[in-house]
Amino acid sequence: MRRILFVDDQRMVLDGLRSMLRKHRHEWDMSFVEDGATALEVLSRTPFDIIVTDLRMPNMDGAELLQRVCREHPRVVRIVLSGQTEQDAARRVAHAAHQFLAKPCEAGLLKDVVDRTCRLQDALSAPVLREAVGSIADLPAKPRVYQQLTDVMAKPSSSIADAAMIVESEPAIAAKVLQLVNSAFFNVGRRIGDVRTAVGYLGVEILKTLILDISVRQSREAPRVEGLDLGAIRKHGVLAARIARKLLPDRAQSQDAFSASLLKDVGWLVLAQRFGSTWQAAVDEARATGLPLLITERKALEITHSEVGAYLLGIWGLPVAIVEAVALHHEPNRIETAHFDVVGAVHVAGALAEEVSPSSSATALGSGCQLDEEYVARLGLDADLPNWRAMAVREAEASG
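First things first, this report covers the structure right here in the doc. (Residues numbered from 1 in each chain as written. Predicted model: local features only at pLDDT ≥ 70, side-chain atom pairs only at ≥ 80, totals over all residues. Heavy atoms only, no water.)

### Some thoughts on the pattern of salt bridges
Turning to step 1, where the next piece is worked out: One pass over the structure, following the stated rule, counts 18 salt bridges.
Turning to step 2, where the next piece is worked out: Lys299 is the partner of Glu285 in a salt bridge, and the nearest nitrogen-oxygen pair spans 3.1 Å. Linking Glu285 in helix H15 (residues 276–289) with Lys299 in helix H16 (residues 293–301), this pair joins segments that are 14 residues apart in sequence.
Turning to step 3, where the next piece is worked out: A relative accessible area of 22% places Glu285 in the partly exposed class.
Turning to step 4, where the next piece is worked out: With relative accessibility at 62%, the residue Lys299 sits in the exposed group. (Salt bridge = Lys/Arg side-chain N within 4 Å of Asp/Glu carboxyl O. Helix = DSSP H or I, 4+ residues; strand = E, 2+ residues; numbered from the N terminus. Buried < 20%, exposed > 50% of the residue type's maximum accessible area, 1.4 Å probe, protein only.)

Right, here's the structure in full:
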């Protein structure tokens, strides 16, 4: 059974949750407490899988509680269930919360969020993986992005589209933007996987504040790992995203493929920040032996950047298609499908990006992002490859 801790200073709310969720008592072991201090005390005695908390509480509010949980119990998935929907509150808690839900919340929606998180925990269940992701609030992002955005938006002719172009060039920031816009605080009513649409919902000022916050944290916390070239990772991700967007005719799938390609290597950033020297050893072995980094990562850490990235994006609430594509972008044949979808497009785009522009890719890290020819053949796509390769060359030339 999953152990879930609910925290709210209003007894009436807790009683309502207890009554609403009573039918799930055979699936979940639920506890209910009225303040943050008690929640931390309970967590210190008993392991929990998930904490669901309100934001506005006396003495210790939900944001402070989740920050403490992040530091002291990093394996616990952190969910906000709050009636406080101001955007400032969303920004303040964004670094500590994995999911946002707004009151009133139907039992079915809460169950769907919890079940999805639990399924992801089952699929990516290594304790070291949960701890690695849970203990890091932000991914490294280059500090200059904030200044870029400020300079561009100071021009009278600037627009949301200009801001979106900057966000699309930074996978770490793009991930956070998509996390926020998919939260209940913005009441979008549907899952959004398109960065440009997400920036439009957030607005430039919230976006600038978020980027600055991430940048400050990154400059303070991110270690220097030899071979982790954020510029090269960014350039490769952008090129792969441009290619992936043109591989699928369906607009929604095309947008998901773009975002998943942009975010597919965010797991590297987490591993570098969390496991600096150990991850460095995996990089060194990949370079020395020619083995894919995926293999040396698993040997050194028991987890891979694909798993870390998928887990992180999943508990942030990004669309399933994006999470799945990130998890399988090196190994599309792990799923049985008769159709070329987002997973396939992200895999093919990553491989073609390395083929046409190896200097901008992650080849130096030994990532081994090679085209799975068996997968392509199984789906009968061999005849499409020449056109796709020609298109990839054009995209590489256009992106410089």
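### Considering the packing of helix H6 (residues 127–134) against helix H17 (residues 305–315)
Turning to step 1, where the next piece is worked out: Here H6 crosses H17 at 60°, and the two axes come no closer than 10 Å. Here H17 runs oblique to H6, going by the angle between their axes. When you trace H6 past H17, the crossing you get is right-handed. Only Glu307, Val308, Tyr311, Leu312 and Ile315 of H17 make contact with H6, whose side of the interface consists of Leu129, Arg130 and Val133.
Turning to step 2, where the next piece is worked out: Residue composition of the contact of H6 with H17, by class: six nonpolar, no polar and two charged. (Axes fitted to C-alpha atoms, helices over the stretch in contact; angles between N-to-C directions. Parallel < 35°, antiparallel > 145°, perpendicular 65-115°, else oblique. Left-handed = near helix turned anticlockwise from the far one by under 90°. Contact = heavy atoms within 4.5 Å. Nonpolar A, V, L, I, M, F, W, Y, C, P; charged D, E, K, R; others polar.)

### Describing the pairing of strand E1 (residues 2–7)
Turning to step 1, where the next piece is worked out: Most of E1 is tucked away, with five of its six residues classed as buried.
Turning to step 2, where the next piece is worked out: Pairing between E1 and strand E3 (residues 50–53): four bridges, direction parallel. Within E3, the residue paired with Ile4 across the bridge is Ile50. (Pairing = 2+ DSSP bridges.)

### Some thoughts on the packing of H15 against H16
Turning to step 1, where the next piece is worked out: Where H15 contacts H16, the axes come no closer than 8 Å and their chain directions differ by 140°. Taken together, the axis directions place H15 and H16 in an arrangement best described as oblique. As H15 packs across H16, the resulting crossing turns out to be right-handed. The residues of H16 that touch H15, namely those facing Thr278, Trp279, Ala282, Val283, Glu285 and Ala286, are Leu293, Thr296, Glu297, Lys299, Ala300 and Leu301.
Turning to step 2, where the next piece is worked out: Looking at the contact of H15 with H16, its residues break down into seven nonpolar, two polar and three charged.

### A short note on H16
Residue pairs spaced three or four apart in an α-helix point in one direction, given the helix's 3.6 residues per turn.
Turning to step 1, where the next piece is worked out: Every buried residue of H16 is listed here: Leu293, Leu294, Thr296, Glu297 and Leu301. Across the axial projection of H16, the buried residues extend over an arc of 165°, all falling on one side.
Turning to step 2, where the next piece is worked out: On the buried face of H16, the contacting elements are H6, helix H14 (266–274), H15 and H17.
Turning to step 3, where the next piece is worked out: Trailing H16 by a residue or two, Glu302 shows a phi angle of about 75°, which is positive. (Arc of directions from axis to C-beta.)

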